[in-house]
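A look at the structure
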Amino acid sequence: MSPSAAGAAPSEPAARQFCEVSHVLAGLKKRSLVLAGHATSLALEPEFWAALEALAAARSLSLAGQVAAIDAARAGRPLASACRLAALAFAAEQARH
């Protein structure tokens with residue numbers, strides 16, 4: 001049986017990739033919200049939270065109100081993904097102006 005099959009430490013590239021993924025996950029900020037009457041939590045990078053807060057302010061909504069609007073329009077997409085896409089669309093719109 002090879003050393004890797006016997007439970008040896010992962011290869012250096014695999015270990016590096018794991019560390020990079022762990023670092024990204026450690027950078028998430030989790031917030032609790034009530035959407036459609038149900039408590040939920042959402043974890044996003046601080047930069048996406050900042051963009052969503054700016055989007056909410058531009059639309060005269062609370063952050064929870066903005067996330068609720070995204071939730072209502074996400075059409076089956078995961079909420080975190082839909083929020084990131086909304087933040088990116090807002091940032092692109094701001095860059096055009």
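Quantities reported herein were computed from a predicted structural model and do not represent experimental measurements. (Residues numbered from 1 in each chain as written. Predicted model: local features only at pLDDT ≥ 70, side-chain atom pairs only at ≥ 80, totals over all residues. Heavy atoms only, no water.)

A few words on the overall build of the protein. For the protein, the count of helices and strands is four helices and two strands. Helices (α) and strands (β) of the protein occur, in sequence order from the N terminus, as α-β-β-α-α-α. Within the protein, the fraction of its 97 residues that count as buried is 23%. For the protein, restricting intrachain contacts to residue pairs at least 6 apart in sequence, the fraction spanning at least 24 positions comes to 41%. As displayed, the protein has an accessible area near 6500 Å², and 60% of this comes from carbon and sulfur atoms. (Helix = DSSP H or I, 4+ residues; strand = E, 2+ residues; numbered from the N terminus. Buried < 20%, exposed > 50% of the residue type's maximum accessible area, 1.4 Å probe, protein only. Contact = heavy atoms within 4.5 Å. Areas by Shrake-Rupley, 256 points an atom, 1.4 Å probe, with all protein chains shown as cover.)

Tallied over the full model, the rule gives three salt bridges. A salt bridge links R84 to E45; its shortest N-O distance comes to 3.0 Å. With R84 in helix α4 (residues 79-96) and E45 in the loop between β2 (38-44) and α2 (46-58), this residue pair connects regions lying 39 residues apart in the sequence. On the basis of relative accessible area, E45 is assigned to the buried category, the value being 17%. Here R74 and D71 are joined by a salt bridge, their closest N and O atoms 2.6 Å apart. (Salt bridge = Lys/Arg side-chain N within 4 Å of Asp/Glu carboxyl O.)

By the bridge criterion, seven bridges tie strand β1 (residues 29-35) to β2 in an arrangement that is antiparallel. Paired with R31 across the strands is L42, a residue of β2. (Pairing = 2+ DSSP bridges.)

Attention now goes to α2. Here α2 spans 18 Å end to end across 13 residues, near enough to the 18 Å set by a 1.5 Å rise per residue. Among the residues of α2, those classed as buried are W49, A51, L52, L55 and A56. Angular distribution of buried residues about the axis of α2 spans 165 degrees; they occupy a single face of the element. More than 90 degrees from the buried face of α2, the exposed residues found are E47, A57 and A58. Turning to α2, the residues buried within the fold contact β1, β2, α3 (63-73) and α4. Following α2 by one or two positions, S60 adopts a phi angle in the positive range, close to 55 degrees. (Expected span 1.5 Å × (residues − 1). Arc of directions from axis to C-beta.)

Core analysis: the largest hydrophobic core is formed by 18 residues, its most contacted members being L42, L44, L52, V67, I70, L79 and C83. Among the elements of the structure, β1, β2, α2, α3 and α4 are those that each provide at least two residues to this core. Element by element, the count of residues in this core is highest for α4, at seven residues. Leave out the neighbours within four places in its chain, and C83 touches L42, L44, L52, V67 and I70. (Core = buried A, V, L, I, M, F, W, Y, C linked by side-chain atoms within 4.5 Å.)

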